[in-house]
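Chain residues, written in single-letter form:
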Amino acid sequence: MCLLYVVTTPVFLMTSPHRTENAEANLPENQEFLSGVDDKKTTRFTDFEGKTSFGMSVFNLGNAIMGSGILGLAYAMANAGVVLFLLLLTVVAVLSSYSIHLLLKCSGIVGIRAYEQLGYRAFGTPGKMAAGIAITLQNIGAMSSYLYIVKYEFPLVIQAFLKLDNPAGEWYMNGNYLVIIVSIAVILPLALMKQLGYLGYTSGFSLSCMVFFLIAVRPSVLIQTREKRYFIFLFCLLCDSCRHTQMNRDPPPPHRHHHLFSIRCSLYSLLWTNTAYTIPILAFAFVCHPEVLPIYTELRKYKKMQHVANISIAVMYIMYFLAALFGYLTFYGKVEAELLHTYSSIDPYDTLILCVRVAVLTAVTLTVPIVLFPVRRAIQQMMFPNKTFYWPRHIAIAFVLLTFINLLVIFAPNILGIFGVIGATSAPCLIFIFPAIFYIRIVPKEEEPLRSPQKILVTLTMIVFFFFFLFNHIVMQSCTDKDWVLNLHIY
Ligand SMILES: NC(=O)C[C@H](N)C(=O)O
């Protein structure tokens, strides 16, 4: 993460001091992106005076970042190669942190800490609806992927615990029932909490489960002929050949031998096909933007939300890289789109693998309530904009949302589809496109003219990011024809 600081500090410290009437209110968050100055000015936000500590906020944001995205990273690394993966991981992490800076600065100007309200301030009702819909789509997609893991992994855990070699259709081996039970017994009570801050403890526990997951995955790297693995790793670092091995593992479908198609694909395969899934998976893995402003609302006075975000992103950056590397080095060319599924191919009764499963299951289950909060807030902002807090509505929205996600999970096609669709659409909007356009519209022209270095930088980054995604999307559509994509189906 030091790298992030070195790369970004000179650019973001160009931010000029504010001269609006809200200037004092803005100071704590918008003065600088990465500096350690603790400015003890009074914030004049119109919403809520926070009581949650700095540490709990880091746990909550870390938990919001870390979800099922981590399980797709080893596959992303196998496709992109170690060096390209590390580069893309760094770019997405820096962009993610920068866009949080933009969101915080906008929220300082508007005086309200809600993503949808920034959309409203920038573009009126269409802006509010766009932000609300993107948050709803993204978070419903994320929650479905978490419950999807519960649906497929929980029965395996029970099977291993009970040592059932040939399950005969017992109800407790049915993933659908288990999803419903977990939703009612664990997720719903947590989702009914009035404030996100109360979830700090469960978030801390969820993160420690993921740390355990990392530690547990690590020995499996060492078990398998250590010298060979490290030799391969060094080799990959030097000539970045991992992706070619991966390509060789999946022989192309027969019609790919068509001359023109081969030329087109070999050109793409230089870079784009290998990153076609990598970037959406990385974008999905770093999304936490809908949760940033709700967590900021509850953050104790004088604590800097940008610091909370930088710490959470830095820790996740390291954990993501290690998770991808360990998973990839354990299975090398055989890594699948969802890491846990790859583990099924080796002994399912192995105690270590069982513990890994339980840890990931616990972690993703405890992430659902955190991710549900911004959706409920977005729905409230879109459907009941001027209403104050009302318990029956708070409970009803959570209940309806969970029921909907349960239905979705019972009928959802596969986890990769969820990553692909959500990662390629709402994630880039929430991570960068919306914060950038909201920033350009919300920061007054008197303060930062359209031609100011800050706004030019934001616009350029946004354009590059947008075209990169567009191009990636086209490549994904053209080179991953149906057979190929279907081969990647996990379950
Ligand atoms: N919070 C989200 O939207 C997704 C999360 N970043 C994940 O990896 O699962």
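Residues numbered from 1 in each chain as written. Predicted model: local features only at pLDDT ≥ 70, side-chain atom pairs only at ≥ 80, totals over all residues. Heavy atoms only, no water.

**Some words on the packing of aromatic side chains**
This structure, assessed with the given rule, holds eight aromatic pairs. Feature note: the residues Tyr115, Phe123, Phe434 and Phe438 constitute an aromatic cluster, connected by ring pairs. One residue, Arg376, lies across the ring of Phe373, its end atom 4.7 Å from the ring centre. Between the NZ or CZ atom of Arg393 and the centre of the ring of Phe384, over which it lies, the distance is 5.0 Å. (Phe/Tyr/Trp six-rings, centres within 6.5 Å; stacked < 30°, edge-to-face > 60°. Lys NZ or Arg CZ within 6 Å of the ring centre and 35° of its normal.)

**A closer look at the packing of helix α14 (residues 289-298) against helix α17 (residues 351-383)**
α17 packs onto α14 with a crossing angle of 90° between their chain directions and a minimal axis gap of 9 Å. Relative to α17, the element α14 lies roughly perpendicular. Across from Pro290, Glu291, Pro294 and Thr297 in α14, the residues of α17 making contact are Ile370, Val371, Pro374 and Arg377. Split into classes, the residues belonging to the contact of α14 with α17 amount to five nonpolar, one polar and two charged. (Axes fitted to C-alpha atoms, helices over the stretch in contact; angles between N-to-C directions. Helix = DSSP H or I, 4+ residues; strand = E, 2+ residues; numbered from the N terminus. Parallel < 35°, antiparallel > 145°, perpendicular 65-115°, else oblique. Contact = heavy atoms within 4.5 Å. Nonpolar A, V, L, I, M, F, W, Y, C, P; charged D, E, K, R; others polar.)

**A look at the packing of helix α4 (residues 69-80) against helix α13 (residues 278-286)**
Relative to each other, α4 and α13 sit at 155°, their axes nearing to 9 Å. Looking at the two axes, α4 sits roughly antiparallel to α13. Considering only the axes of α4 and α13, their crossing is left-handed. Two secondary-structure elements touch here, α4 through Gly69, Gly72, Leu73, Tyr75, Ala76, Asn79 and Ala80 and α13 through Thr278, Ile281, Leu282, Phe284 and Ala285. (Left-handed = near helix turned anticlockwise from the far one by under 90°.)

**Some details on the side chain of Gln381**
Tracing the chain through its elements places Gln381 in helix α17. In contact with Gln381, not counting residues within four places along its chain, are Ala114, Glu116, Gln117 and Lys128.

**Focus on the site of the ligand**
In the vicinity of the ligand, the contacting residues are Ala64, Ile65, Gly67, Ser68, Gly69, Gln138, Ala142, Tyr146, Phe284, Ala285, Val287 and Tyr320. Separating a nitrogen atom of the ligand from a backbone N or O atom of Ile65 is a distance of 2.6 Å. Between the ligand and Phe284, the relevant distance is 2.9 Å, taken from a nitrogen atom to a main-chain nitrogen or oxygen of the residue. Against a free-state accessible area of 280 Å², the protein chains account for coverage of 100% of the ligand. Where the shell around the ligand is concerned, the elements lending two or more residues are α3 (54-65), α7 (125-162) and α13. When residues of the shell around the ligand are assigned to their parent elements, the largest contribution, three residues, is made by α7. Per-class residue counts for the shell around the ligand are eight nonpolar, four polar and no charged. (Near = heavy atom within 4 Å. Polar contact = N/O pair within 3.5 Å; in protein donor to acceptor, adjacent residues only side chain to side chain. Areas by Shrake-Rupley, 256 points an atom, 1.4 Å probe, with all protein chains shown as cover.)

**Quick notes on the pattern of salt bridges**
The full count for this structure, using the stated rule, is two salt bridges. Between Lys105 and Glu448 there is a salt bridge, and its shortest N-O distance comes to 2.7 Å. Of the two residues, Lys105 sits in helix α5 (residues 82-110) while Glu448 sits in the loop between α20 (426-442) and α21 (453-479), which places them 343 residues apart along the sequence. For the pair Lys105 and Glu448, one class covers both residues: buried. The salt bridge partner of Arg357 is Glu153, with a shortest N-O separation of 2.3 Å. Placement of Arg357 in helix α17 and of Glu153 in helix α7 is noted, with a sequence separation of 204 residues between them. Of the two residues, Arg357 and Glu153, neither departs from the other in class, the shared state being buried. (Salt bridge = Lys/Arg side-chain N within 4 Å of Asp/Glu carboxyl O. Buried < 20%, exposed > 50% of the residue type's maximum accessible area, 1.4 Å probe, protein only.)

**Quick word on the state of the cysteines**
Joining two cysteines, a disulfide is a covalent bond between their sulfur atoms. If you walk through the whole model with that rule in mind, you get zero disulfides. Free cysteine Cys106: the closest other cysteine sulfur is in Cys429, separated by 16 Å. In this structure Cys355 is not part of a disulfide, and its nearest cysteine sulfur, from Cys209, lies 11 Å away. You can call Cys355 partly exposed: its relative accessible area is 32%. (Disulfide = S-S within 2.5 Å.)

**A closer look at the confidence of the model for the protein**
Looking at the protein, pLDDT values average 75 and 67% of them are 70 or higher. Summarising per-element confidence for the protein, the mean pLDDT is lowest in helix α22 (residues 482-487) (34) and highest in helix α8 (residues 175-191) (95). Counted against residues more than four places away or in other chains, residues 480-491, with its pLDDT under 50, gives 27 contacts. In the predicted assembly, ipTM is 0.97 and pTM is 0.78. (pLDDT = per-residue confidence, 0-100.)

**Quick notes on α4**
Compared with an ideal rise of 1.5 Å per residue, which puts 12 residues at 16 Å, α4 spans 16 Å between its outermost C-alpha atoms and is within 8% of the ideal. Burial analysis of α4 places 12 of its 12 residues in the buried class, which makes it a mostly covered element. For α4, every residue scored as buried is listed here: Gly69, Ile70, Leu71, Gly72, Leu73, Ala74, Tyr75, Ala76, Met77, Ala78, Asn79 and Ala80. Two residues or fewer past α4, Gly81 is found with a positive phi of approximately 90°. (Expected span 1.5 Å × (residues − 1).)

**A word on α13**
When you tally the buried positions in α13, you get nine out of nine residues, the bulk of the element. When we look at burial in α13, the residues that qualify are Thr278, Ile279, Pro280, Ile281, Leu282, Ala283, Phe284, Ala285 and Phe286.

**Topic: a nonpolar patch on the surface**
On the surface, Trp171, Tyr177, Ile180, Ile181 and Ile184 cluster together into a nonpolar patch covering about 530 Å² of accessible area. Its place among the elements puts Tyr177 in helix α8. Looking at Tyr177, the relative accessible area reads 44%, which means it is partly exposed. (Patch = residues over 30% accessible without salt bridge, like charges linked within 9 Å, V, L, I, M, F, W, Y side chains within 5 Å.)

**Considerations on the environment of Ile140**
Inspection of the secondary structure puts Ile140 in helix α7. Here the alpha-carbon distance between Ile140 and Pro294, two residues 154 residues apart in the chain, equals 17 Å. Leaving out residues up to four positions away in the same chain, Ile140 has contacts with Val375, Leu401, Phe404, Ile405 and Leu408.

**Overview of the environment of Val315**
With respect to the helices, strands and loops of the structure, Val315 is situated in helix α15 (residues 305-331). A relative accessible area of 38% places Val315 in the partly exposed class. Distance in space between the C-alpha atoms of Val315 and Cys288 is 14 Å, their sequence separation being 27 residues.

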